[in-house]
Amino acid sequence: ATCEAAYFVIVLHHLRSVVIAVRGTETPEDLIIDGLCRECILSAKDLDGLINSSHINPELKQSVVSSFPHYGHSGIVEAARNLFTQLEGNAEDDDSDSSGLLSSILGAGCECEGYNVRIVGHSLGGAIAALLGMRLYHRYPNLHVYAYGPLPCVDSIIAEACSHFVTSIVLNNEFSSRLSVGSILRLRAAAITALSHDSATDTAMICRLARRFLYVSNCERNSTEVVEPASYVYSGTIRSENLNDNLHGNEDLFDSRGGEEHDHNFPLFNESNIKDSVVESESDEFTNPFATEINTCDDPVSEFMETARASENASAGNPPEMYLPGFIIHMVPQPKSFHTSLWKGQGVQEREKSYKAYIANRDSFKDIVVSPSMFLDHLPWRCHDAMQKVLEVQCTLNLNESHIVDVY
């Protein structure tokens, strides 16, 4: 089976543009592509637009060529390769003439010769669009990619190198633009630390979490099915208010924004789903994937914390960090303004939320921000609404310069 993305191509003659729109996650097959998040090596063909385009700065091009191998999100890379084949055919060489759809409408003497190429996508679609653009940019130098809430999908060098023709737009705390293997591992370690610092946490709970999340059983390694006995149920309790306090105390582990006002964090677990069944196994049936030596200590808390510290530190065995591609715009909601009405003498608070757009550093999106809005901010219509509000403010102020005015 191949990783296939849903898309459509539309020609906008009044704008002299050909638009390729790539759909985000909707089907179980799309979820599989999202889940193939381990890194794969990017080939020279995958980066043809960066390596062979005359519109790329020579020094930047040399940095890409001299630093191979480069890595990408394996599911997204495969989907982008498949989409390229659908659009441009099965040409052996990317420099060769193609009989694909794009060439048939954008080629010399064709209907749309000289038109701009715009590739757009949201979430998974945005990441696929970015990888597709990296391959097509050599053929179509008037190409630009707009990725809305994309997944981190390339290493840092490639993410920076494509900034000339890829723009990633992120709304507030949305989770997808921070979702990677590395960020999940760090979030897990932060959750372990928060729980371990809570004096009210039951030792059995720590042991249960260690077995559930931080160890790989021999049965799993041998692809043996493990049946959870329904009769063995954990009966411990956790005080949710104390857990909340600890999560707030470790807020810097979750939030990637600098001096911005943060949403309040919420507990990773609630009491309604704590009492589920667990697997009871002997301690020697598990191995610590992070430790160089197997810890035979009988104290589950000590072993748990040792594993947490090891997982926080980078090592040769850890996967390469994935980053958002291109030039990054971060839209952040602003506090509602409060002003006094002159004719009524009363304070009036604005009803509609306003947004401010920033040029963001891609390192700000390495870690997941746990907040009440992390999933809602990912909704495409929320992103569209925020962009509309940024543009409205800009038009009202009648500024001649870019609406992106601050850098952090």
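Residues numbered from 1 in each chain as written. Predicted model: local features only at pLDDT ≥ 70, side-chain atom pairs only at ≥ 80, totals over all residues. Heavy atoms only, no water.

**Some details on the overall build of the chain**
(1) Moving on: The secondary structure content of the chain amounts to 13 helices and 14 strands.
(2) Moving on: The buried share of the chain, taken over its 408 residues, is 43%.
(3) Moving on: Of the contacts formed within the chain by residues at least 6 apart in sequence, a portion of 77% connects residues at least 24 apart.
(4) Moving on: A total of about 21,100 Å² of accessible surface is found on the chain, and carbon and sulfur atoms cover 52% of it. (Helix = DSSP H or I, 4+ residues; strand = E, 2+ residues; numbered from the N terminus. Buried < 20%, exposed > 50% of the residue type's maximum accessible area, 1.4 Å probe, protein only. Contact = heavy atoms within 4.5 Å. Areas by Shrake-Rupley, 256 points an atom, 1.4 Å probe, with all protein chains shown as cover.)

**Section: helix α1 (residues 28–35)**
(1) Moving on: Taken residue by residue, α1 has Asp 30, Ile 33 and Asp 34 as its buried positions. Along the long axis of α1, the arc covered by the buried residues comes to 100°, so they all point the same way. With respect to the buried face of α1, the exposed residues turned more than 90 degrees away are Pro 28, Glu 29, Leu 31, Ile 32 and Gly 35. (Arc of directions from axis to C-beta.)

**Observations regarding the pattern of salt bridges**
(1) Moving on: With the rule as written, the count across this model stands at 10 salt bridges.
(2) Moving on: A salt bridge links Arg 362 to Glu 160; the nearest nitrogen and oxygen atoms lie 3.0 Å apart. Remark: Glu 160 occurs in helix α7 (residues 156–161) and Arg 362 occurs in the loop between β13 (354–359) and α13 (380–397); sequence separation between them is 202 residues.
(3) Moving on: Of the residues examined, Arg 362 reaches a relative accessible area of 10% and is grouped as buried.
(4) Moving on: As a salt-bridge pair, Asp 377 and Arg 382 come within 3.5 Å of each other at their nearest N and O atoms.
(5) Moving on: Residue Asp 377 is classed as buried on the basis of its relative accessible area, which comes to 5%.
(6) Moving on: Arg 382 sits in the partly exposed class, given a relative accessible area of 30%. (Salt bridge = Lys/Arg side-chain N within 4 Å of Asp/Glu carboxyl O.)

**Examining the packing of helix α4 (residues 74–88) against helix α6 (residues 124–136)**
(1) Moving on: Where α4 meets α6, the closest approach of the two axes is 9 Å, and the angle between their N-to-C directions is 60°. Taken together, α4 and α6 sit at an angle that is classed as oblique. Like other packed secondary-structure pairs, α4 and α6 cross with a definite hand, here right-handed. Residue-level contacts link Ile 76, Val 77, Ala 79, Ala 80, Arg 81, Leu 83, Phe 84, Leu 87 and Glu 88 of α4 to Leu 124, Ala 127, Ile 128, Leu 131, Leu 132, Arg 135 and Leu 136 of α6.
(2) Moving on: Residues belonging to the contact of α4 with α6 are distributed by class as follows: 13 nonpolar, no polar and 3 charged. (Axes fitted to C-alpha atoms, helices over the stretch in contact; angles between N-to-C directions. Parallel < 35°, antiparallel > 145°, perpendicular 65-115°, else oblique. Left-handed = near helix turned anticlockwise from the far one by under 90°. Nonpolar A, V, L, I, M, F, W, Y, C, P; charged D, E, K, R; others polar.)

**Observations regarding the side chain of Ser 53**
(1) Moving on: Positionally, Ser 53 belongs in the loop between α2 (48–51) and α3 (58–66).
(2) Moving on: Using a relative accessible area of 1% as the deciding quantity, one classes Ser 53 as buried.
(3) Moving on: Engagement of the side chain of Ser 53 in a polar contact is seen with the backbone nitrogen of His 55, the distance being 3.1 Å.
(4) Moving on: Leaving out residues up to four positions away in the same chain, Ser 53 has contacts with Asp 48, Lys 61, Tyr 137 and His 138. (Polar contact = N/O pair within 3.5 Å; in protein donor to acceptor, adjacent residues only side chain to side chain.)

**Comments concerning unusual backbone geometry**
What is expected of a backbone is that most residues other than glycine have negative phi and most peptide bonds are trans.
(1) Moving on: Here Phe 68 and Pro 69 are connected by a cis peptide whose omega angle stands at 0°.
(2) Moving on: Summarising the element assignment, Pro 69 is placed in the loop between α3 and β4 (70–73).
(3) Moving on: With a phi close to 60°, Ser 123 is a non-glycine residue in the positive phi region.
(4) Moving on: Inspection of the secondary structure assignment puts Ser 123 in the loop between β5 (116–122) and α6.

**Description of the packing of aromatic side chains**
Any aromatic ring pair is given by two values, namely how distant the centres are and how the planes are angled relative to each other.
(1) Moving on: A complete count under the given rule lists 2 aromatic pairs for this structure.
(2) Moving on: Ring centres 4.1 Å apart and planes at 10° place the aromatic pair Tyr 137 and Phe 165 in the stacked group. Linking Tyr 137 in the loop between α6 and β6 (143–148) with Phe 165 in the loop between α7 and β7 (166–171), this pair joins segments that are 28 residues apart in sequence. Phe 165 shares its class with Tyr 137; the two are buried.
(3) Moving on: Ring plane angle 55° and centroid distance 4.9 Å describe the contact between Phe 175 and Phe 375, whose orientation is recorded as tilted. With Phe 175 in the loop between β7 and α8 (181–196) and Phe 375 in the loop between β13 and α13, this residue pair connects regions lying 200 residues apart in the sequence.
(4) Moving on: Positioned above the aromatic ring of Phe 84, the side-chain terminus of Arg 135 is 3.9 Å from the ring centre. (Phe/Tyr/Trp six-rings, centres within 6.5 Å; stacked < 30°, edge-to-face > 60°. Lys NZ or Arg CZ within 6 Å of the ring centre and 35° of its normal.)

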